[in-house]
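Commentary on secondary and tertiary structure
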Amino acid sequence: MQKGTVIFEKMFIKNKNIKILLNYGLGPLLFIWLSYSMYTQIRNQPDLQNTLHKLRLSVTGQQSWKIYIALILVLLNWGLEARKWQILLRPVETISFFNSFKAILAGLAFSMNTPNRIGEFGGRVLYVHEGHRWKALSLTVTGSFSQLIVTISIGCGGLLFLLTNATTAAGIANYYIWIRVLFYGSLLVCIFLYLLYFRLGQIIKWAEKIPKARGFVQHLTVIEDLRVTILLRTLALSFSRYLIFVFQYILLLQLFSVEVSAWHSFWLISVLYLILAVTPTIALAEVGIRGKVSLTLFTLVSTNDFGIAGAATAIWFINLVIPALAGSLLFLSLKIFSDK
């Protein structure tokens, strides 16, 4: 009996030491890794110096109010995402808006080196109680699902605009058939996603009846508690975030002297976001793809190549890199496990 007690105490001390090491060592290591990887990627971006120079000049020019509004909207954008996650998390855990906001930034920092920012999920759930993390993960996926639905929905409108607008239709004549195929394919996917989104609870119930799936599905049962009103609020917040993204982009296009109407810009940006949503990318390397797609789309209506590429880099920098750098600082004080 005494020997068993001694073994238990040794195991407890060992586990406690591991937790202490993870709590106070892993956070700073993550900060160093994230900061270094972001620094190296940012340093190697083409035309980054010219873009940053243009942004510095814009701070004091006649159009300076546009960059200030774009920066303020960064807070509003991620604040809406924090609110969305806070609402989705209620069936599992009550979390303050401030902690939700910190979780969003931490998740963003964690996601910068992962394909399509999937690491965001893991970064967020570190701010949730240990016993609730798997459930919080499934709710985080639900929130991202709503954002994807909005992106594809409005992106379909953008593809239709490309096909029917006289100016853009002439420029895409060689790709007309392929864009039509993409439009109808995206439309079908969009309808399917809407049906799936509002039937998530029912799908989980069906999955629970599959014996081999029960071990995994038990972490998803919290989705059954999401009422339609919550799903609709989540969609509304996702739509609001989307409008902010587009408005920021339009401001920066104007700041970089890309003379395109707001109406044309809106639909071209919607196609850009659709392509980014369905293309496997890593957030830190995304700016290259973002720049190429932006040039392909906006050269249909503008000849200012530098302005188009500059706006694409700037929106990436202020919307992703700056918040991710702020989020990486949070790992310095983050505890992975509780002390209990």
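Quantities reported herein were computed from a predicted structural model and do not represent experimental measurements.

Rules used in this analysis
- Residues numbered from 1 in each chain as written.
- Predicted model: local features only at pLDDT ≥ 70, side-chain atom pairs only at ≥ 80, totals over all residues.
- Heavy atoms only, no water.
- Helix = DSSP H or I, 4+ residues; strand = E, 2+ residues; numbered from the N terminus.
- Buried < 20%, exposed > 50% of the residue type's maximum accessible area, 1.4 Å probe, protein only.
- Contact = heavy atoms within 4.5 Å.
- Areas by Shrake-Rupley, 256 points an atom, 1.4 Å probe, with all protein chains shown as cover.
- Salt bridge = Lys/Arg side-chain N within 4 Å of Asp/Glu carboxyl O.
- Expected span 1.5 Å × (residues − 1).
- Bend = angle between axes of the 7 residues up to and from the residue.
- 1 Å grid on protein atoms, 1.4 Å probe; cavity = no way out; pocket = protein on both sides within 12 Å on 5 of 7 lines; lining within 4 Å.
- Points joined across faces, edges and corners; volume = space filled by probe spheres on them.
- Nonpolar A, V, L, I, M, F, W, Y, C, P; charged D, E, K, R; others polar.
- Core = buried A, V, L, I, M, F, W, Y, C linked by side-chain atoms within 4.5 Å.
- Axes fitted to C-alpha atoms, helices over the stretch in contact; angles between N-to-C directions.
- Parallel < 35°, antiparallel > 145°, perpendicular 65-115°, else oblique.

**Considerations on the overall build of the protein chain**
For the protein chain, the count of helices and strands is 14 helices and zero strands. Shown N-terminal to C-terminal, the secondary structure of the protein chain runs as helices and strands in the order α-α-α-α-α-α-α-α-α-α-α-α-α-α. Looking at the protein chain as a whole, 48% of its 340 residues are labelled buried. Across the protein chain, the fraction of contacts at a sequence separation of at least 24, relative to all contacts at a separation of at least 6, is 75%. In the structure as shown, the protein chain presents an accessible area of about 17,500 Å², 68% of it carried by carbon and sulfur atoms.

**Details of the pattern of salt bridges**
It is possible for side chains of opposite charge to pair when their charged atoms get near one another. Taken as a whole, this structure holds three salt bridges when the rule is applied. A salt bridge links Arg241 to Glu81; the nearest nitrogen and oxygen atoms lie 2.8 Å apart. Note that Arg241 is positioned in helix H11 (residues 228–255) and Glu81 in helix H3 (residues 64–89), a separation of 160 residues in sequence. For the pair formed by Arg241 and Glu81, the shared burial category is buried. One continuous salt-bridge network, built from bridges that share partners, spans Glu81, Lys84, Arg124 and Arg241.

**Quick look at helix H14 (residues 305–330)**
Between its terminal C-alpha atoms H14 stretches 37 Å, which fits the 38 Å expected from 26 residues at 1.5 Å a residue. Along H14, the largest kink reaches about 35° and is centred on Phe317. Counting buried residues along H14, 20 of its 26 residues qualify, which places the element largely inside the surrounding structure.

**Regarding empty space enclosed by the protein**
The tally for this structure, following the rule as stated, stands at one cavity of 30 Å³ or more. Estimated volume of the largest cavity: approximately 40 Å³. Taken together, Ile250, Leu253, Gln254, Val258, Val260, Ser261, Ala262 and Ser265 make up the full set of residues lining the largest cavity. If you list the elements that add at least two residues to the lining of the largest cavity, you get H11 and helix H12 (262–278). For the lining of the largest cavity, the per-class residue count stands at five nonpolar, three polar and no charged.

**Some remarks on unusual backbone geometry**
In most cases, non-glycine residues show a negative phi, while peptide bonds are predominantly trans. Residue Ser257 is not a glycine yet carries a positive backbone phi of 60°. With respect to the element layout, Ser257 can be found in the loop between H11 and H12.

**Focus: the nonpolar core**
It is characteristic of soluble globular proteins that their nonpolar side chains tend to be buried jointly. Formed by 89 residues in total, the largest nonpolar core has its most connected members in Leu162, Tyr249, Leu252, Ile269, Tyr273, Leu297 and Phe298. With 13 residues, H11 is the single largest residue contributor to this core. Not counting residues up to four positions away in its chain, the partners in contact with Tyr249 are Ile269, Leu272, Tyr273, Arg290, Ser294, Ala311, Ala312 and Ile315.

**Comments concerning the packing of helix H4 (residues 97–111) against H14**
Interaxial distance between H4 and H14 falls to 7 Å at its minimum, and their mutual angle equals 105°. Classed by the angle they form, the pair H4 and H14 counts as roughly perpendicular. Here Lys102, Leu105, Ala106, Leu108 and Ala109 of H4 come into contact with H14, specifically with Asn319, Leu320, Pro323, Ala324, Ala326, Gly327, Ser328 and Leu330.

**Points about H12**
When the terminal C-alpha atoms of H12 are compared, their 24 Å separation across 17 residues agrees well with the 24 Å that a helix rising 1.5 Å per residue should span. Burial analysis of H12 places twelve of its 17 residues in the buried class, which makes it a mostly covered element. Within H12 the residues assigned to the buried category are His264, Ser265, Phe266, Trp267, Leu268, Ile269, Ser270, Val271, Leu272, Tyr273, Leu274 and Leu276.

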